[in-house]
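Close look at the chain arrangement
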Amino acid sequence: MPFDLLRRMMLVVALVVLPSAAMADVVQSQPFGPINDSFATPTDLSDDEYLTLGSLLFATRQIGEPAISATSAGRSVWYNYKPKADTRAVIALTTGNLEAAPFQIAAYTGDTPSSLKRLAAATMKGVDSETVSLVLDLTAGTTYRIKIDTAIQAGGFRPYFNIGLRRIASAGGLAMLRWRSAIIEDGTSENREVLVVNGYGKQVDVKPDVGDLADRIAVASATIKLAPKAATWFRVADQGSKAPDNTTKQGKLVVTASEVNAKASIGSSSVEISHVAVNLTDRPTLTVRFARPGQGFRTTLHFLSSADVANTSTVDASGCRFEPDEALVGTKFYRLGDNGKWVDMNRPFAIAAGTTKHFQVVTSGWMSGRAVSLRCGHRSISLNTDPMARMTGYPQLGEPATLTVTSKNVDGLLRFAMPDFATSRLTAKIVNGAGYAGEYRFAVAANSTPAGQVEAYCLSNASGVCKAATTTTPLTLNLAERETVYVTLMIHRGNATGDALVTYSALATDGIANRQAATGGFMITEQ
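Residues numbered from 1 in each chain as written. Predicted model: local features only at pLDDT ≥ 70, side-chain atom pairs only at ≥ 80, totals over all residues. Heavy atoms only, no water.

A word on the overall build of the chain
A count of helices and strands for the chain gives one helix and 38 strands. The buried share among the 527 residues of the chain stands at 50%. Contacts spanning at least 24 positions in sequence make up 76% of the contacts within the chain whose residues lie at least 6 apart. Summed over its atoms, the accessible surface of the chain is roughly 22,700 Å², and 51% of this surface lies on carbon and sulfur atoms. (Helix = DSSP H or I, 4+ residues; strand = E, 2+ residues; numbered from the N terminus. Buried < 20%, exposed > 50% of the residue type's maximum accessible area, 1.4 Å probe, protein only. Contact = heavy atoms within 4.5 Å. Areas by Shrake-Rupley, 256 points an atom, 1.4 Å probe, with all protein chains shown as cover.)

Set out below in structure tokens:
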């Protein structure tokens, strides 16, 4: 092929690399990372009894952020907590009923990623139902930065975890956390799990009790030994005996801590439980209208919508609550009080015939195709089925993935000149200038001829010194936004006339499908 034709081909390839013409052939965007992917946009942790579902799906790292350990994969998300008073707190990271993965957690203080001071860290082993915890003494008015990452995972990426924070006494205490309200319906197989973390600085015995709810709620009553920072799950379920129809009973799961092998209690903690007995005869008609029934999501974004519930029948509705159709989606709901302020409900409520009540519903979790709707304690109940009766999440995509690749020592005609029988190095500068970050697969190919061939390449510094072993297979690059890296090629030219074409390409590999992020190349010519 004549050189002039090759040169024109390479000029066309080069244009694809330039930001002004970048990604004209890309018709789909990469997914956004989690809403708290960036240090600058953390999710605030609240001191309540609810776990929040988190995700590292499409999460990325930033330039200057500290690694939790040498095994960190660089797929981090951030949380903040700013106490109003001096306190001791338990921060729990758990997989619960999610897939096991080697998640990592660390707590810091500081205002920028590069100035963080680490306070504590922990890493999961990657086993089922695992929990790791940090117990920290916190100072009023100080912002604490919590980072979640994972060790490099083999055999598929498992991104989901739960995180929660509870304040405890300065001498220690038990932290109790759960996914959603513990509302259990009579005559069903429903159960709710509650996480208990030992926030004492010593091993303790813990024992659960449901008190007056024992006639409706069952819980394993065995005493469990817990080491400091260790955790266990208690499951509460329908007891199995028939409760009176159309009744709701409130109570608590109380977990008491005592010295090992001693009877005296050193403290206790509790969460509220509700038991709803179904109404087999009344059939109220309810109309539910969410103000924001369909919402685009970024991973683990909190959904919030007001909801009006009207009872248009002559029959009262009882045992009502908002629930997700997926157990991994945390849900909380609030009632508009007579004083115009929102009241934390998270327990069954009634709606009298001919009345309308106003609610706020909040969810946390990955809501792709999932929905939250109203459920009441009636075997047969009429709810409107229009789309506004359910709050549903839909995917929201982000910006295209685009890299700019430029080769050093290549002239304006994209030629890299070499003498015969010479070996040389060429360094390519790769800049991630788009709003997307994540993993890319960078590959180099050459039509190996005596005129020139790429023998190997490596991740290097700007001077061409390899920072990792040389390879002939594609490199996996985990790039932060606006990050620059270098790849150096080892090139050999024999004794031949003509030129050799070298091309490179970069694929963004995070997301539903790979996306072309950059293409380019140059010609090896005779000097």
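Looking at the pattern of salt bridges
Tallied over the entire structure, the rule returns 20 salt bridges. In this structure, the salt-bridge partner of Glu-185 is Arg-321, at a minimum N-O distance of 2.9 Å. Here Glu-185, found in strand 11 (residues 182–185), pairs with Arg-321, found in strand 22 (residues 317–324); they are 136 residues apart in sequence, far enough to count as distant. Between Arg-321 and Glu-323 there is a salt bridge, with its nearest N and O atoms 3.4 Å apart. The exposure class of Arg-321 is buried, given its relative accessible area of 1%. If you follow the salt bridges from partner to partner, you end up with Glu-185, Arg-192, Arg-321, Glu-323 and Arg-375 in one network. (Salt bridge = Lys/Arg side-chain N within 4 Å of Asp/Glu carboxyl O.)

Some thoughts on the environment of Tyr-144
Counting through the fold element by element, Tyr-144 comes out in strand 8 (residues 144–150). With residues near it in sequence (within four places) discarded, Tyr-144 still touches Tyr-79, Asn-80, Tyr-81, Pro-83, Tyr-108, Thr-109, Leu-119, Asp-137, Leu-138 and Thr-139. Reaching out from Tyr-144, the side chain makes a polar contact with the backbone nitrogen of Thr-139 at a distance of 2.7 Å. (Polar contact = N/O pair within 3.5 Å; in protein donor to acceptor, adjacent residues only side chain to side chain.)

Focus on the sheet that holds strand 5 (residues 103–109)
An order of 1-3-8-5-6 is seen for the five strands of this open sheet, with the pairing classed as mixed. Either end of the sheet is taken by a strand with one partner, and the two such strands are strand 1 (43–44) and strand 6 (117–123). (Pairing = 2+ DSSP bridges.)

Quick look at the packing of aromatic side chains
One pass over the full model with this rule turns up 11 aromatic pairs. For the ring pair Trp-78 and Tyr-108, a centre distance of 6.2 Å and an interplane angle of 45° mean the geometry is tilted. In this pair, Trp-78 sits in strand 3 (residues 77–81) while Tyr-108 sits in strand 5, placing the two residues 30 residues apart along the sequence. Per residue, the accessibility class of Trp-78 equals that of Tyr-108, and both read buried. (Phe/Tyr/Trp six-rings, centres within 6.5 Å; stacked < 30°, edge-to-face > 60°.)

Comments concerning the sheet that holds strand 10 (residues 174–178)
Spatially, four strands are ordered 10-12-16-14 in an open sheet, and the strand pairing comes out antiparallel. Each having just a single partner strand, strand 10 and strand 14 (217–219) make up the two edges of the open sheet. Neighbour-to-neighbour, the strand axes of the sheet open up by a mean angle of 25°, direction not taken into account. (Axes fitted to C-alpha atoms, helices over the stretch in contact; angles between N-to-C directions.)

Thoughts on the confidence of the model for the chain
Confidence in the prediction for the chain averages 82 pLDDT; 85% of positions are at 70 or higher. This model gives residues 1–29 a pLDDT under 50, and the stretch forms 44 contacts once residues within four places in sequence are excluded. (pLDDT = per-residue confidence, 0-100.)

A look at empty space enclosed by the protein
All told, the structure shown has two cavities of 30 Å³ or more when counted by the stated rule. Here the second largest cavity is characterised by a volume of approximately 40 Å³. Contributing to the lining of the second largest cavity are Arg-180, Ser-181, Arg-192, Phe-322, Glu-323, Pro-324, Thr-331 and Phe-333. Contributions of two or more residues to the lining of the second largest cavity are made by strand 22 and strand 23 (330–336). The greatest single-element share of the lining of the second largest cavity, amounting to three residues, is contributed by strand 22. Looking at the lining of the second largest cavity residue by residue, the class counts come to three nonpolar, two polar and three charged. (1 Å grid on protein atoms, 1.4 Å probe; cavity = no way out; pocket = protein on both sides within 12 Å on 5 of 7 lines; lining within 4 Å. Points joined across faces, edges and corners; volume = space filled by probe spheres on them. Nonpolar A, V, L, I, M, F, W, Y, C, P; charged D, E, K, R; others polar.)

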